[in-house]
Amino acid sequence: QAQLVESGGGLVQAGGSLRLSCAASGSFFSINAMGWNRQAPGKQRELVATIGIGDRINYADSVKGRFTISRDNAKNTVYLQMNSLKPEDTAVYSCNAQIIDYSGRYYSSWGQGTQVTVSS
């Protein structure tokens, strides 16, 4: 069983930067893909960025050129560097990971989320 915990959220002015971290812990064999999602009040959850085991990366169009996803496999951690933040980036950001257990089974694990608020 894997648990994911996000950190690094907070309040920042427009144009500022934040770096989010998501660390996986618990008992599992390995992690495949990891990703970041966000959900603003009254809006549908949006996939922000994903990163595969070979660092294959995808971004939502709204964050391309501003956000950078990365991972540290030794630490079972995925990061999201957010630059040039805009008020519309305000949301709860959560991480997701594809976990491989010791039986070779794949399942998805989600963190509780961290609040990012960008003031105008």
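Residues numbered from 1 in each chain as written. Predicted model: local features only at pLDDT ≥ 70, side-chain atom pairs only at ≥ 80, totals over all residues. Heavy atoms only, no water.

Engineer: Explain the pairing of strand S8 (residues 77-82) to me, please; I cannot follow it from the model alone.
Structural biologist: On a regular strand, each side chain points to the face opposite its neighbour's, so the side chains alternate between the two faces of the sheet. The element S8 is extensively covered by neighbouring structure, given that 5 of its 6 residues are classed as buried. Taking the residues between adjacent antiparallel strands as the criterion, strand S7 (residues 67-72) and S8 are bridged by 4 residues, where Asn-76 takes a positive phi near 50°. (Buried < 20%, exposed > 50% of the residue type's maximum accessible area, 1.4 Å probe, protein only. Helix = DSSP H or I, 4+ residues; strand = E, 2+ residues; numbered from the N terminus. Pairing = 2+ DSSP bridges.)

Engineer: What's the story with the environment of Gly-35 in this structure? I'm lost.
Structural biologist: Structurally, Gly-35 can be placed in strand S4 (residues 30-39). Spatially, the C-alpha atom of Gly-35 lies 13 Å from that of Val-5, the residues being 30 residues apart in sequence. When residues no more than four places from it in sequence are discounted, the contact partners of Gly-35 are Ala-49, Thr-50, Ile-69, Ser-94, Cys-95 and Asn-96. (Contact = heavy atoms within 4.5 Å.)

Engineer: How should I be thinking about the nonpolar core in this particular structure?
Structural biologist: In a soluble, globular protein the nonpolar side chains are often hidden away together inside. Membership of the largest hydrophobic core comes to 30 residues, with the highest contact counts inside it found for Trp-36, Val-48, Phe-67, Val-78, Leu-80, Met-82 and Tyr-93. Put simply, the parts of the chain that give this core at least two residues each are strand S1 (2-7), strand S3 (18-26), S4, strand S5 (46-51), S7, S8, strand S9 (91-100) and strand S11 (114-119). Ignoring any residue separated from it by four or fewer positions in sequence, one finds Leu-80 in contact with Leu-18, Arg-19, Leu-20, Trp-36, Val-48, Ala-49, Phe-67, Thr-68, Ile-69 and Tyr-93. (Core = buried A, V, L, I, M, F, W, Y, C linked by side-chain atoms within 4.5 Å.)

Engineer: Explain the side chain of Thr-114 to me, please; I cannot follow it from the model alone.
Structural biologist: Along the polypeptide, Thr-114 turns up in strand S11. For Thr-114, a relative accessible area of 12% gives the class buried. In contact with Thr-114, not counting residues within four places along its chain, are Glu-6, Ser-7, Gly-8, Gly-9, Leu-20, Ala-91, Val-92 and Tyr-93.

Engineer: Just to check I follow, could you spell out the state of the cysteines for this structure?
Structural biologist: In the structure shown here, the tally under the stated rule is 1 disulfide. A sulfur-sulfur separation of 1.8 Å characterises the disulfide bridge that pairs Cys-22 with Cys-95. Measuring the twist about the S-S bond at about 55°, one finds the Cys-22-Cys-95 disulfide to be right-handed. Of the two residues, Cys-22 sits in strand S3 while Cys-95 sits in strand S9, which places them 73 residues apart along the sequence. This pair shows no difference in class: Cys-22 is buried, exactly as Cys-95 is. (Disulfide = S-S within 2.5 Å.)

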